[in-house]
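# Chain and residue survey
These are the residues of each chain, in order.
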Amino acid sequence: MPNKIRKIAVLTSGGDAPGMNAAVRAVVRTCAYHGVECIGVYRGYEGLIEGDFKPMNARSVRGIINKGGTMLKSARSKEFRTKEGREKAFQNIIKEGIEGLVVIGGDGSFTGALVFNQEFGFPVMGIPGTIDNDIFGTTHTLGFDTALNTVVDAIDKIRDTASSHNRLFFIEVMGRDVGHIALNTGIAGGAEEILIPEEDLGLDRLKESLNRSRKTGKTSSIVVVAEGDKIGKNIFELKEYVDENMEGYDVRVSVLGHMQRGGAPSCFDRVLASRMGVKAVETLLEGETNYMVGLKNNKMELTPLEQAIKGKTKINLELLRVSDIMST
Ligand code: ATP
């Protein structure tokens, strides 16, 4: 490996996601393995602008692989969106002798990294960390698998109370633009219907489906709704609709909210984070820049940051069909 880079910085940016700590640990330890210095940057791009740096060695990241959130803290930085802010960040980087940057975050964070590279020619590498799984170039983002397990656990618990009282529950899960969490957890939690941003089921079909379920002997129902579902109604409006248009339903709603982002990362996310951290550092050491590391066909693959930002993830049509069949 042509190891020209001697000092790498790592930061976490945008919304936090389980597995970010495991990725920081992997970056730090890969640097240590290759004899490269590593700097932790606190509070994402804010810390870059303020010079909030901490040298990290292999022991600095002990005991964090199993922790949710991010020990480096995350932030959304308005100042980094300005040329002056990025100039300050670059001056700090030069002063500290940093020669490469690993950014763990979502597409906004990658856009910041790309702009920074284009302005200063500085080597950057992205690791996708967001529970929504909405980044092109990887089948899984960090935190997605953990969030799925958290949501399924919650649905199972709600199912217990739904079936004890013959209730219909609308459960809102995260996913403003994509329905990956809703679709997967809806299938795993045995939901009667799943409402996602990619597909307009329509209120009539929802009504028909619930009535059909009831006729076939179901006494309780769960409908999983992504935040940005295409029907365009939030779960409180959906409850109102059922209350007004369908007889005999005892409807409840549950918004899972931020609990979906927390918790110890799953085994899958810990392994994924470790693989991504190794790949990100080693790719920088090979002299590459402007890539995101991702998982494809169980291999670590690189996608140009520009594509990762612009590309759209697609909903799995086979899963949609499975969910239709399962709600028979
Ligand atoms: P999430 O998916 O959780 O929202 P994200 O990485 O997309 O994560 P954003 O808030 O969109 O989160 O972006 C994180 C940070 O990246 C911003 O606060 C900003 O500092 C930086 N950033 C985003 N877009 C740009 C841009 N066009 N130019 C410079 N910096 C940017």
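Sequence positions are assigned chain by chain, starting from 1 and proceeding in written order. For a predicted model such as this one, the threshold for reporting local features is a pLDDT of at least 70, and the threshold for listing and counting side-chain atom pairs is 80 or more; totals across whole chains, interfaces and linings nevertheless cover every residue. Computation of side-chain values covers all heavy atoms of the structure but excludes hydrogens and water.

The name an unreviewed UniProt entry gives the protein chain is ATP-dependent 6-phosphofructokinase, with Seonamhaeicola aphaedonensis as the organism. UniProt positions are given in the numbering used here, feature names are shortened, and annotations may be inferred rather than shown by experiment. What UniProt records for the protein chain under Catalytic activity (unreviewed entry) is the sentence "beta-D-fructose 6-phosphate + ATP = beta-D-fructose 1,6-bisphosphate + ADP + H(+)". According to the UniProt record, the Function (unreviewed entry) comment for the protein chain reads "Catalyzes the phosphorylation of D-fructose 6-phosphate to fructose 1,6-bisphosphate by ATP, the first committing step of glycolysis."

## Comments concerning the site of the ligand
Neighbouring residues are identified by heavy atoms, a residue being near a molecule or strand if any of them is within 4 Å of it. In the vicinity of the ligand, 16 residues are found, and the nearest of them are R76, S77, G106, G108 and S109. Under this definition, polar contacts are N or O atom pairs within 3.5 Å; protein pairs additionally need one hydrogen-donor-capable and one acceptor-capable atom, and for neighbouring residues in sequence, both atoms have to be side-chain atoms. Residue S77 places a main-chain N or O atom 2.7 Å away from an oxygen atom belonging to the ligand. Here G106 contributes a backbone N or O atom positioned 2.9 Å from an oxygen atom of the ligand. A majority-of-atoms criterion places the ligand in the largest pocket. A run of DSSP states H or I qualifies as a helix once it reaches four residues; a run of E qualifies as a strand once it reaches two. Both are numbered from the N-terminal end. It is helix α4 (residues 107–120) that provides the largest number of residues to the shell around the ligand, a total of five residues. Residues are sorted three ways: Asp, Glu, Lys and Arg are charged, Ala, Val, Leu, Ile, Met, Phe, Trp, Tyr, Cys and Pro are nonpolar, and all the rest, Gly among them, are polar. In the shell around the ligand, the residues fall into two nonpolar, ten polar and four charged. Cavity and pocket criteria rest on a 1 Å grid covering protein atoms alone: a 1.4 Å probe that fits but cannot get out defines a cavity, protein on both sides within 12 Å along at least 5 of 7 lines defines an open pocket, and an atom within 4 Å of a point defines a lining residue. Being in a pocket or cavity means that more than half of the molecule's atoms lie within 2 Å of its grid points.

## Thoughts on the layout of surface pockets
Size it by volume and the largest pocket reaches roughly 990 Å³. Counting residues per element, the ones that place at least two in the lining of the largest pocket are α4 and α10 (305–310). Considering only residue class, the lining of the largest pocket consists of ten nonpolar, 16 polar and 14 charged. For the lining of the largest pocket, the two domains that each supply at least three residues are domain 1 (7–143 + 265–310) and domain 2 (145–261). Of the voids in this model, the second largest pocket is the one considered here, and its volume is about 350 Å³. Lining of the second largest pocket is provided by 20 residues; of these, N133, T138, T139, H180 and K314 occupy positions nearest its centre. It is helix α6 (residues 180–188) that provides the largest number of residues to the lining of the second largest pocket, a total of three residues. Those domain boundaries reflect an automatic or database domain assignment. The residue makeup of the lining of the second largest pocket includes at least three contributed by each of domain 1 (7–143 + 265–310) and domain 2 (145–261). Grid points are joined across faces, edges and corners, and a volume is the space filled by probe spheres set on the points.

## Remarks on the domain arrangement of the protein chain
Entries for the protein chain in the domain assignment read domain 1 (7–143 + 265–310) and domain 2 (145–261). Each of domain 1 and domain 2 was reduced to a C-alpha centroid, and the two centroids are 35 Å apart. Across the boundary between the two partners, domain 1 contributes 13 residues, which contact eleven residues of domain 2. Buried area: the accessible surface (1.4 Å probe) lost by two parts on joining, summed over both. Taken together, both faces of the contact between domain 1 and domain 2 bury some 990 Å²; the carbon and sulfur share is 53%. If you sort the residues of domain 1 by the area they bury against domain 2, D16, I131 and D132 come out on top, with a joint share of 44%. Counted as salt bridges are all cases of a side-chain nitrogen of Lys or Arg within 4 Å of a carboxyl oxygen of Asp or Glu. Measuring nitrogen to oxygen at the nearest pair gives 3.7 Å for the salt bridge that ties D16 to R261. Inspection of the domain 1/domain 2 interface yields six residue pairs in polar contact (both at pLDDT 80 or more). Grouping the constituent residues of the side of domain 1 that touches domain 2 by class yields four nonpolar, four polar and five charged. The contact definition used throughout considers only heavy atoms, calling two residues in contact when any of these lie within 4.5 Å.

## Some words on the environment of G129
With respect to the secondary-structure elements, G129 resides in the loop between β5 (124–128) and α5 (144–165). When a residue's accessible area, from a 1.4 Å probe over protein chains only, is under 20% of the maximum for its type it is buried; when over 50% it is exposed; and in between it is partly exposed. Its relative accessible area of 2% is what places G129 among the buried residues. For the pair G129 and P18, spaced 111 residues apart in the sequence, the C-alpha separation amounts to 8.1 Å.

## Considerations on empty space enclosed by the protein
Scanning the entire structure with this criterion turns up one cavity of 30 Å³ or more. The computed volume of the largest cavity comes to approximately 70 Å³. Taken together, E193, I194, I196, E199, L201, R205, L320, S323 and D324 make up the lining of the largest cavity. Broken down by secondary-structure element, the contributors of at least two residues to the lining of the largest cavity are β7 (193–195) and α11 (317–326).

## Points about the packing of α6 against α11
Think of each axis as a best-fit line through the C-alpha atoms, taken over the contacting stretch in the case of a helix, with angles from 0 to 180 degrees between the N-to-C directions. The interhelical angle for the contact between α6 and α11, taken along N-to-C directions, is 35°, at an axis separation of 10 Å. As α6 packs across α11, the resulting crossing turns out to be left-handed. Contact with α6, carried on its side by L183, N184 and I187, involves L319, L320, V322 and S323 of α11 and no other residues of that element. A breakdown of the residues in the contact of α6 with α11 according to their chemical character gives five nonpolar, two polar and no charged. Two helices crossing with the near one rotated counterclockwise from the far one by less than a right angle form a left-handed crossing, whereas a clockwise rotation gives a right-handed crossing.

## Quick word on the sheet that holds strand β6 (residues 168–173)
Judged by pairing direction, the sheet is parallel, and its four strands sit side by side in the order β7-β8-β6-β9 without closing on themselves. Both outer strands of the open sheet, β7 and β9 (251–255), are each paired with one neighbouring strand and no more. The average undirected angle you get between the axes of adjacent strands in this sheet is 20°. Think of it this way: DSSP has to see at least two bridges between two strands before they count as a pair. Examined bridge by bridge, β6 and strand β8 (residues 221–226) share six bridges and lie parallel to one another. Across the sheet, residue F170 finds its bridge partner in β8, namely V223. The strands touched by helix α8 (residues 235–245) are β6, β7, β8 and β9; relative to β9, the strand with the most contacts, the crossing angle is about 175°.

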